[in-house]
Amino acid sequence: MSSVHQPCRLPVVAYEPLSVPLADVDALRTAADPEGSPPLPKRFLRHADEQSVVAVRAVQRALAALPAADCSRHGVIAAPCQAGRIASSRTLSQYAAGGGVTVSTHIVPQASLHALAAAVSVGLGMHGPSLGVGGGPRALHEGLLTATALADTPGVEGWWVVASELVGEPQLDGEGQAAKPGATRVEAVALLLAPSAAVATPQWWIHMEHAAGPGSAAGIVAAVEHWLVAATAREAA
């Protein structure tokens, strides 16, 4: 990817938000791929963390809306917020009750900081670098900062910044399962940052001074949409 000419702002050529009730995430695991997006391998999301499931689907929807999209030379910067909490709670409960034999081998690869980046990269055939950043409440901001630092990576034709979080803290029962999954939403945003050839005509901008401020209590979807609106108004002024 070539230089972002003004590091204080990021040109965005694709944006896809997705907000799903926690209770509906399992249906997304086996849902049909959006028409026009790269297909996922069969049962690819079977063991994925809830945030990874929603984030991968958001990227697929963004790719489906791009004309003749080739993402093979794209990189992925994933910025999940405290991913793996439900699976970790379940694992600890199972371990306490039944010992080490109850611990799934999927807990480490699916609940680590880099799991989301790997799911997007491997599942959708992106061969650029992939990494997870942040992991906490300011993960999205840290992901965008990472994108400004990696903008000149040779051979990378675009960077996906993919952020996710739970909106509404899940209430877990004694077995580590979500007791009221309808009260929690899983949100993800997928942003494709433009190569320099498209900098003159991006769809949107994100100004880092906006992203540096506090997020929205309503979730990252609301926060990013606010940033895009603010930046678009500023560019038009």
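Residues numbered from 1 in each chain as written. Predicted model: local features only at pLDDT ≥ 70, side-chain atom pairs only at ≥ 80, totals over all residues. Heavy atoms only, no water.

1. Looking at unusual backbone geometry
Phase 1 of the analysis: If you check the backbone angles, R43 has positive phi at about 60 degrees while not being a glycine.
Phase 2 of the analysis: Position of R43 among the secondary structure elements: in the loop between α1 (25–29) and α2 (50–64).
Phase 3 of the analysis: Classification of R43 by relative accessible area gives exposed; the value is 56%.
Phase 4 of the analysis: Even without being glycine, Q82 reaches a positive phi, approximately 50 degrees. (Helix = DSSP H or I, 4+ residues; strand = E, 2+ residues; numbered from the N terminus. Buried < 20%, exposed > 50% of the residue type's maximum accessible area, 1.4 Å probe, protein only.)

2. Some details on the confidence of the model for the protein
Phase 1 of the analysis: Within the protein, residue pLDDT values average 85, and 88% of them lie at 70 or more.
Phase 2 of the analysis: Predicted confidence is poor over residues 1–7, with pLDDT under 50, and the contacts of this stretch with residues over four places away or in other chains come to 24 contacts. (pLDDT = per-residue confidence, 0-100. Contact = heavy atoms within 4.5 Å.)

3. Here's the deal with the pairing of strand β4 (residues 158–167)
Phase 1 of the analysis: Where burial is concerned, most of β4 is hidden: 10 out of the 10 residues are buried.
Phase 2 of the analysis: Here β4 shows a buried face lined by G158, W160, V162, S164 and L166 and a second buried face lined by W159, V161, A163, E165 and V167.
Phase 3 of the analysis: As judged from the 9 bridges shared by β4 and strand β5 (residues 185–193), these two strands associate in the antiparallel manner. Bridging from a neighbouring strand, L166 pairs with V186 of β5. (Pairing = 2+ DSSP bridges.)

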